[in-house]
Amino acid sequence: HVDEVNALNVYPVPDGDTGTNMCLTLRAVAQALRELGEASLPHVTAAMAQASVRGARGNSGMMLSQFLLGFQEGLGARLRASAADLARAIRTGFDRLYASLDEPVEGTILTVAREAADEAGLARGERDLRVFMGRLVRRAEEALQRTPDLLAVLKAAGVVDAGAKGFVRFLEGVKRLIE
């Protein structure tokens, strides 16, 4: 979805590289996980978080890496994760992302990550992770569609936020993996 996300990129700078930056960040994560092979959940989340920081490109990659660092922190040393554990990790991911920003702006990846964290909290009792992720993706998509109402530059351009769209695509990928 690189081209799709790049085409939406009007904020904070209309340089058309948000999709590329998120893709390069996630490729670094994927490569680290391939090299890791079979490993326990704490080793997987540590490799994922570290690779996202090392591979972060642009604002969107940095923001994604902060979310993943918080996600790792939220899961801690758990060897297995329930929906409740994932909900806490997603909330910690959002909190870390928010704290990393000098000037948080609504209508961006921040809004979508918060909405996903809020939905995760509501769904924490769900036993089926497919249903859990389905709820998160739906809520994130709904938040994405509201981004132009929160950021005038998006409304003027007639687009949703590129980083937020990339984050939704990331969640969709996680959902597909679980399914």
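This structure is a prediction, so every number in the text was calculated from the model and none was measured.

(A) Spatial organisation of the side chain of Glu-172. By the secondary structure assignment, Glu-172 is in helix α9 (residues 162-178). Among residues more than four places away in sequence, those in contact with Glu-172 are Val-137 and Glu-141.

(B) Representation of the packing of aromatic side chains within the structure. Applying the stated criterion across every chain yields a total of three aromatic pairs. Both rings, one in Phe-67 and one in Phe-167, keep their centres 5.1 Å apart while their planes meet at 85°; by these two values the pair is edge-to-face. Residue Phe-67 is found in helix α4 (residues 58-75), and its partner Phe-167 is found in helix α9; the two are separated by 100 residues along the sequence. Where Phe-167 meets Phe-170, the ring centres are 5.9 Å apart and the plane angle is 45°; that geometry is what we call tilted. Taken together, the residues span about one helical turn, with Phe-167 and Phe-170 both in helix α9 at a distance of three residues. Ring pairs connect the aromatic residues Phe-67, Phe-167 and Phe-170, which therefore count as one cluster.

(C) Layout of the packing of helix α2 (residues 18-36) against helix α3 (residues 41-55). Between α2 and α3, whose axes approach to 8 Å, the crossing angle comes to 140°. Our pair here, α2 against α3, has a crossing hand that is right-handed. Residue-level contacts link Leu-24, Thr-25, Ala-28, Val-29, Ala-32, Leu-33 and Leu-36 of α2 to His-43, Val-44, Ala-47, Met-48, Ala-51, Ser-52 and Gly-55 of α3. In terms of residue class, the contact of α2 with α3 is made up of 10 nonpolar, four polar and no charged.

(D) Here's a closer look at the packing of α3 against α4. Between α3 and α4, the shortest axis-to-axis distance is 8 Å and the interhelical angle comes to 160°. In terms of orientation, α3 lies roughly antiparallel with respect to α4. Crossing of α3 over α4 shows left-handed handedness. Two secondary-structure elements touch here, α3 through Leu-41, Thr-45, Ala-46, Met-48, Ala-49, Ser-52 and Val-53 and α4 through Ser-65, Leu-68, Leu-69, Phe-71, Gln-72 and Leu-75.

(E) Seen up close, the side chain of Thr-18. As for its placement among the helices and strands, Thr-18 is situated in helix α2. We classify Thr-18 as buried; its relative accessible area is 7%. If sequence neighbours within four positions are ignored, Thr-18 has contacts with Val-5, Asn-6, Asn-9, Ser-60, Ala-162 and Gly-163.

(F) Representation of the pattern of salt bridges within the structure. Scanning all chains against the criterion turns up 16 salt bridges. One salt bridge connects Glu-115 with Arg-146, and the closest N-O pair in it is separated by 3.2 Å. Taken as a pair, Glu-115 in helix α6 (residues 109-122) and Arg-146 in helix α7 (residues 129-150) lie far apart in primary sequence, 31 residues in all. Accessibility expressed as a relative area gives 14% for Glu-115, which makes it buried. Notably, a salt bridge pairs Glu-119 with Arg-135, separated by 2.7 Å at the nearest N-O pair.

Thresholds, definitions, all that
- Residues numbered from 1 in each chain as written.
- Predicted model: local features only at pLDDT ≥ 70, side-chain atom pairs only at ≥ 80, totals over all residues.
- Heavy atoms only, no water.
- Helix = DSSP H or I, 4+ residues; strand = E, 2+ residues; numbered from the N terminus.
- Contact = heavy atoms within 4.5 Å.
- Phe/Tyr/Trp six-rings, centres within 6.5 Å; stacked < 30°, edge-to-face > 60°.
- Axes fitted to C-alpha atoms, helices over the stretch in contact; angles between N-to-C directions.
- Left-handed = near helix turned anticlockwise from the far one by under 90°.
- Nonpolar A, V, L, I, M, F, W, Y, C, P; charged D, E, K, R; others polar.
- Parallel < 35°, antiparallel > 145°, perpendicular 65-115°, else oblique.
- Buried < 20%, exposed > 50% of the residue type's maximum accessible area, 1.4 Å probe, protein only.
- Salt bridge = Lys/Arg side-chain N within 4 Å of Asp/Glu carboxyl O.

By themselves, these observations are geometric and do not establish any function.
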